[in-house]
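Working through the structure, step by step
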Amino acid sequence: MVMNTTVNEFILFGLTKDPRKQKAIFGVFLMLYLATLLGNFLIVVTIKRSRTLGSPMYFFLFYLSFTDACLSTTIAPRLIVDAVSQRKTISYKECMTQVFSAHFFGCMEIFVLILMAFDRYVAICKPLRYTTIMNRHVCSVLVILGWVGSCIHSSAQIFLALRLPFCGPNVIDHYFCDLQPLLKLACMDTYVINLLVVSNSGAICTVSFIILLISYVIILYSLRNYSAEGRRKALSTCTSHFIVVVLFFGPCIFIYTRPATTFPVDKVVAVFYTIGAPLLNPLIYTLRNAEVKNAMKKLWCSKV
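Residues numbered from 1 in each chain as written. Predicted model: local features only at pLDDT ≥ 70, side-chain atom pairs only at ≥ 80, totals over all residues. Heavy atoms only, no water.

As recorded in an unreviewed UniProt entry, the chain goes by Olfactory receptor and comes from Nyctereutes procyonoides. Here is the UniProt Sequence similarities (unreviewed entry) comment for the chain, exactly as written: "Belongs to the G-protein coupled receptor 1 family." (UniProt positions renumbered as here; feature names shortened; annotations may be inferred.)

Let's shift gears to the state of the cysteines. By definition, a disulfide is the covalent link that joins the sulfur atoms of two cysteine residues. Scanning the entire structure with this criterion turns up two disulfides. Here Cys95 pairs with Cys177 through a disulfide, and the sulfurs are 2.0 Å apart. On the sign convention where negative is left-handed, the bridge of Cys95 and Cys177, at about -120° about the S-S bond, is left-handed. Taken together, the positions of Cys95 in helix α3 (residues 92–125) and Cys177 in the loop between β3 (171–172) and α6 (179–185) put the pair 82 residues apart, joining distant regions of the chain. Under the relative-accessibility criterion, Cys95 is labelled buried at 0%. Shown here is the disulfide that connects Cys167 with Cys187, its sulfur atoms set 2.0 Å apart. One quick way to see it: the torsion about the S-S bond of Cys167 and Cys187 is about -135°, and its sign makes the bridge left-handed. Note that Cys167 is positioned in the loop between α5 (136–162) and β3 and Cys187 in the loop between α6 and α7 (191–222), a separation of 20 residues in sequence. Here the disulfide map of the chain reads 1-3, 2-4, the bonded cysteines being numbered as they appear in the sequence. (Disulfide = S-S within 2.5 Å. Helix = DSSP H or I, 4+ residues; strand = E, 2+ residues; numbered from the N terminus. Buried < 20%, exposed > 50% of the residue type's maximum accessible area, 1.4 Å probe, protein only.)

Two numbers describe a pair of aromatic rings. These are the distance of the centres and the angle of the planes. Following the criterion strictly, the structure yields 17 aromatic pairs and no others. Geometrically, the ring pair formed by Phe10 and Phe166 is edge-to-face, given 5.1 Å between the ring centres and 85° between the ring planes. Linking Phe10 in strand β1 (residues 9–12) with Phe166 in the loop between α5 and β3, this pair joins segments that are 156 residues apart in sequence. For Phe10, a relative accessible area of 0% translates into the label buried. (Phe/Tyr/Trp six-rings, centres within 6.5 Å; stacked < 30°, edge-to-face > 60°.)

Residues spaced three or four apart along an α-helix point in a common direction, a consequence of the helix completing one turn every 3.6 residues. With 31 residues, helix α1 (residues 19–49) extends 45 Å between its outermost C-alpha atoms, agreeing within 8% with the 45 Å of an ideal straight helix rising 1.5 Å per residue. The set of residues buried in α1 consists of Gln22, Ile25, Phe29, Tyr33, Thr36, Gly39, Asn40, Ile43, Val44, Val45, Thr46 and Ile47. For α1, the N-terminal capping position is held by Asp18, with its side-chain oxygen 2.9 Å away from the main-chain nitrogen of Arg20. (Expected span 1.5 Å × (residues − 1). Polar contact = N/O pair within 3.5 Å; in protein donor to acceptor, adjacent residues only side chain to side chain.)

Here the focus is the UniProt feature "transmembrane region" (unreviewed entry) in the chain. If you check UniProt for "transmembrane region" (unreviewed entry), the listed places come out as residues 24–45, 57–80, 100–118, 138–160, 201–223, 235–256 and 268–287 in our numbering. Along residues 24–45, the helical share is 100% and the strand share 0%, with 32 Å between the first and last C-alpha atoms.

Moving on, we come to the pairing of β1. The two faces of β1 differ: Phe10 and Leu12 on one face are buried, but Glu9 and Ile11 on the other face are not. Bridge count for β1 against β3 is two bridges, and the pairing is parallel. Of the residues in β3, the one forming a bridge with Leu12 is Ile172. (Pairing = 2+ DSSP bridges.)

Here the focus is the pattern of salt bridges. For the structure shown, the criterion picks out four salt bridges. Where Asp119 meets Arg120, a salt bridge forms, and the shortest distance between an N and an O atom there is 2.8 Å. In this structure, Asp119 and Arg120 share a single accessibility class: buried. (Salt bridge = Lys/Arg side-chain N within 4 Å of Asp/Glu carboxyl O.)

Here you go:
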């Protein structure tokens, strides 16, 4: 494995070089990050402590909120601190750690969203067998498989990153370490590695998105046999999930399924899945879900 020996640190360009805009970025993203932590923390604690939220859907929502908090923590603090720092440096080891962590939690989010879609599919298409198929043991095994799959994916990414030699420029035109901007700095022909990145990250995003779309088509087709009230309730749950899926997968597919070219808009698009999705997930799932809102009121009002 080729290890970096010339470049010991990188400089993160950030979202902008404008000092006034950097101050605005510091304030805005600090508030967004704190709101993300608070929202996901409330969901995690509410599901863990509430007796009414014991179904598989909330079991998976617990892990989605936990993963969102971790993904945001991997990216946001560095962006916030760099916005008010003179030297926006990140060491080689820290950069590689961020590559691994971002892909690990990002991939876990994809797997959890697929598990949530599978849960809705079983609940709507096979209601009589739902409790048998989606028992707690099966759900736990599925989540463990998600963690293992995420570890395999991120290990493949870090393996590719560690093979990149850096011997010249060290300014990363991004606000966090990722393979695409690192490929531009490597002192080698990166064509093959870029194909591997697209076949890894790009394939996971695209195939997962297609699987989710197919599951929704099947679910919508199955709803024709439901009563009006049953359709309304099922559509409400599925709509929340679909909004989250589009917000996360749209930017991911845009970034990871194309050749080794970068566009100025890439950083803005990346904000949607690294900062936006973890923030909006708890809002979408709580504002559109009466059970979660009622459980929160009971739990937190009793605490107060």
